[in-house]
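Residue-level structural notes
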Amino acid sequence: MEDVKRWRRDLHQIPELGLKEYQTAEYLRHELEQMGYHWESIIETGTLVYIDYGCQSTLAFRSDIDGLPIHEKNQVDYVSKHPGCMHACGHDGHMSALLGFAKRLKEIKEPLNYNILLLFQPAEESPGAARLVVESGVLEKYHVKAIFGMHLMPMIEEGKIACKSGPLMAMCGEMDVTIHGQGAHAGLPQEGIDSIMIANHAYMQYQTMISRHISPFSPVIFNIGEIHGGTARNSVATQTCMHGTLRCYDESLFHKMTQEIQAIHDGLMKSYNCQIEWSCPPMYPPVMNHQSLYQQLKACVDPSTYIELDEPLMLAEDFAFYQKAIPGVFFFVGTKCQAYQSGLHTETFDFHEEVLETAVDLYEKLARNIKGV
């Protein structure tokens, strides 16, 4: 456990953004070498360790490694040394748990039923490098038949394992809208095309689309988080931009929503003689836990420390790209306690490192007990 704590605090101090995790990769590779492992790189800053037990098939265990562009406000001796960048989503803990599992595997003398692939993946936050890992062919190269991953979760009680079968996390897309109107003096509004007014109509129609065009039994979130328009109080705004996110658990519903948005924009352009440019490309698919693997994972957890989630979360995770290629299960390890209340992606997120041993123990049980993949 002391090694896991040291790894976590060392890694917490050197957060790096996606596809730029060079110092992080160097640290991970050094620690793996110290354990006696041979590693290989993937997507430059990613790191793989393949452990051959002489089996036909392989189980993969994945950790993300990137940080976030957040300035840390924790008053701790392991605070981030990279101003404006922080491990605010627990990836330092994810890496340390996987390192702990790597060390645990060195202590297992009996053969396992599967080879093991340890995957330290870059750029989960953006641009979602799990897709690049899948496209690299590494899963086929090492005959990977199933994959497991975990995430620390501050809304779940410390030390508890939480999971569910089927949809666990949402598909997401990031929407950008630019409305091009025509500028004019505020005293001569008839000479302009007010992009702010059009944005207001668009926003209201987006919400009506959710309540009247989508079944109430199909969970959808469509949030506009930014609106910027105009340059002066006494001018009709030439241009207004909106930025938001679209999330649901069904890929066909996602595409239906984008068609509805296009229809709204077509109507506004015809009504107001404006131009609207927009995009909402799908980023990550929904996280869908494989039913059989889920039941086997559940059987590996002490019932007193297990929480079966009633409903999925509207958070998103690029782990979903692996699950589109092979069966997989993603689970949560709780960090909520009196000492640590801050949520993910906040400048004060922190946790007790002891919870990481829970993940290491479960990884080992999965490696020993998974069957039939």
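Up top you'll find the structure we're talking about.
Residues numbered from 1 in each chain as written. Predicted model: local features only at pLDDT ≥ 70, side-chain atom pairs only at ≥ 80, totals over all residues. Heavy atoms only, no water.

1. Overview of the nonpolar core
Counting 90 residues, the largest nonpolar core has Phe61, Ile116, Leu118 and Phe332 as its most contacted members. Other than its neighbours up to four places away in sequence, Ile116 contacts Val49, Tyr50, Ile51, Tyr53, Thr58, Leu59, Phe61, Phe101, Leu105 and Ala367. In this structure, Ala199, Tyr206, Phe222 and Leu253 belong to the second largest nonpolar core, which totals 27 residues. (Core = buried A, V, L, I, M, F, W, Y, C linked by side-chain atoms within 4.5 Å. Buried < 20%, exposed > 50% of the residue type's maximum accessible area, 1.4 Å probe, protein only. Contact = heavy atoms within 4.5 Å.)

2. Regarding the sheet that holds strand E1 (residues 40-42)
What the eight strands build is an open sheet, ordered E1-E2-E4-E3-E5-E17-E6-E16; its pairing is mixed. On the outer flanks of this sheet lie E1 and strand E16 (306-308), each paired with one strand and no other. Pairs of neighbouring strands in the sheet enclose a mean axial angle of 30°, with direction left out of account. Here seven bridges tie strand E3 (residues 58-64) to strand E4 (residues 115-121), and the two strands are oriented parallel to one another. Directly across from Thr58, in E4, lies its bridge partner Asn115. In this fold helix H2 (residues 22-34) packs onto E1, strand E2 (46-51) and E4, with an angle of close to 20° to the strand it touches most, E2. Its contacts with the sheet place helix H8 (residues 291-299) against strand E5 (144-157), strand E6 (161-163), E16 and strand E17 (328-336), and it is angled at close to 40° to E17. (Pairing = 2+ DSSP bridges. Helix = DSSP H or I, 4+ residues; strand = E, 2+ residues; numbered from the N terminus. Axes fitted to C-alpha atoms, helices over the stretch in contact; angles between N-to-C directions.)

3. Some details on helix H6 (residues 195-213)
Over its 19 residues, H6 extends 25 Å from the first C-alpha to the last, a length consistent with the 27 Å expected when each residue adds 1.5 Å. By the burial criterion, the buried members of H6 are Ser195, Ile198, Ala199, Ala202, Tyr206 and Met209. End-on view of H6: buried residues confined to an arc of 100°, all on one side of the axis. Where H6 is buried, its residues meet strand E8 (171-180), strand E10 (220-229), strand E12 (239-248) and helix H7 (251-272). (Expected span 1.5 Å × (residues − 1). Arc of directions from axis to C-beta.)

4. Examining the environment of Tyr203
Mapped onto the secondary structure, Tyr203 falls in helix H6. Judged by relative accessible area, Tyr203 falls into the partly exposed class, the value being 30%. Distance in space between the C-alpha atoms of Tyr203 and Pro83 is 36 Å, their sequence separation being 120 residues.

5. So, the pairing of E3
Of all seven residues making up E3, seven are buried, and the element is well covered by its neighbours. On E3, burial covers both faces: Thr58, Ala60, Arg62 and Asp64 on one face and Leu59, Phe61 and Ser63 on the other are all buried. Handedness of the crossover is the feature at issue here: the chain leaves E3, passes through helix H3 (residues 91-107), returns alongside E4, and the resulting connection is right-handed. Direction of pairing for E3 relative to E5: parallel, over a ladder of five bridges. Within E5, the position partnered with Thr58 by the bridge is Val144. (Right-handed = clockwise from strand over helix to strand, strands pointing away.)

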